[in-house]
Amino acid sequence: MAATLQTIAEELGVSRSTVSNAYSRPDQLSPELRARILETAERLGYPGPNPTARSLRRGRAGAVGVLFTANLSAAFTDPFAVAYLRGLAEVAEKHDTSLLLIPVSYADTEAALHTVRNAAVDAFCVYCVPEWHKALDVIRARDLPVVAGDDPALLEPGTLWVGIDERAAGRRVGQHVAGLGHRRVAIVADWVTEPGRTEVVTHLSPDQLRYYVSGERIRGFDDALSAAGIAWNDVILVNAAGNSRPAGAEAAAFALDRRERATAILATTDVLALGVLDALAVRGLRPGRDISVTGFDDIPEAATVGLTTIRQPSVERGHAVGELLFDPPDDPAARHRVLPTALVVRATTGPVPTDTRKTP
């Protein structure tokens, strides 16, 4: 018969609550008594209180749910996501709380809703979920603390939010490229149309883009390009199948393998930009000289390859999310945190080359 709290209590002649305190409230016992309890538990093969039952009794699951629309693997392979989660985890572990990564399927909505509805968590961090996804309705219904990271208007007024001014950052990229004289510009972005498809998008204006992050960055690009006299219809917008290096390379081909190829390619993430650079290398094109390339995020590899990009805080962003979750401010104005960004100019951008040959 398996040992229980009652078994240990009877063995030592103490109450059940005293044995429980040895695990959950050690400060309530003398070091000697706690040591006797733990030694007896080990001798009798008692593994300790059931963590699920204990969390239910105290009304706390001890976990924060982090929602991803992307595949779960992105949490471990996307450099920005990895750094962001590291920051959030550093705060969570100070509060004896774990992270539960919740992939929210785009294709199977019912499965996603079931997962979110049944997640044993005390709060949610919405890392990347489109504002139209029904999982957000489930979060509202659960009435748990939520920190959003996409659209500030994603949930209810007063919702905790940590992010950057995506549009202003995109505008700085566009101003930089236009200032270098580029007029044939392409944009490579994911979540412009359906995920999993690589295609040139000609039927959507910047204001019609549905996914907040990509849409805001592209709207910022367009703000600057249009101010420089570049019409939106002259910009090549390519939807990448996903936020991966191979997807970026595949999308870049639509801007490079055309009679009048772009002289500048603006990617909405550094990962996509690295794929664009791969596509240039295959074609013998030099970044910053033949074709200018920009990214967004400033992941570690961006500096290694000399990528011009937008720097935004990653670990710090995760820290800020954790701080809001575990110590939410009473002041509504303090519930939204806009973190700083900066344009980092490196070797992958330069003036329009004098030889702008048309490809065959």
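Residues numbered from 1 in each chain as written. Predicted model: local features only at pLDDT ≥ 70, side-chain atom pairs only at ≥ 80, totals over all residues. Heavy atoms only, no water.

K.L.:
Break down the overall build of the chain for me, citing the residues and quoting the values.
P.N.:
Across its full length, the chain holds 14 helices and 13 strands. The principal-axis extent of the C-alpha atoms belonging to the chain is close to 90 × 40 × 35 Å. Out of the 360 residues in the chain, the part that is buried amounts to 51%. Sequence-distant contacts in the chain: of pairs separated by 6 or more residues, those separated by 24 or more amount to 73%. A total of about 16800 Å² of accessible surface is found on the chain, and carbon and sulfur atoms cover 50% of it. The averaged location of the 44 negative side-chain charges in the chain is 3 Å from the averaged location of its 38 positive side-chain charges. (Helix = DSSP H or I, 4+ residues; strand = E, 2+ residues; numbered from the N terminus. Buried < 20%, exposed > 50% of the residue type's maximum accessible area, 1.4 Å probe, protein only. Contact = heavy atoms within 4.5 Å. Areas by Shrake-Rupley, 256 points an atom, 1.4 Å probe, with all protein chains shown as cover. Lys, Arg positive; Asp, Glu negative; His and termini not counted. Charge placed at Lys NZ, Arg CZ, Asp CG, Glu CD.)

K.L.:
So what about the sheet that holds strand 3 (residues 123-128)? Which residues, and what values?
P.N.:
Strands sit in the order 2-1-3-4-5-12 across an open sheet of six strands; the sheet is parallel. For this open sheet the edge positions go to strand 2 (98-103) and strand 12 (336-339), each flanked by a neighbour on one side alone. For this sheet, the mean inter-axis angle between neighbouring strands, taken without regard to orientation, is 20°. The pairing of strand 5 (residues 160-164) with strand 12 spans four bridges and is classified as parallel. When the bridges of strand 12 are listed, Gly-163 appears paired with Val-338. (Pairing = 2+ DSSP bridges. Axes fitted to C-alpha atoms, helices over the stretch in contact; angles between N-to-C directions.)

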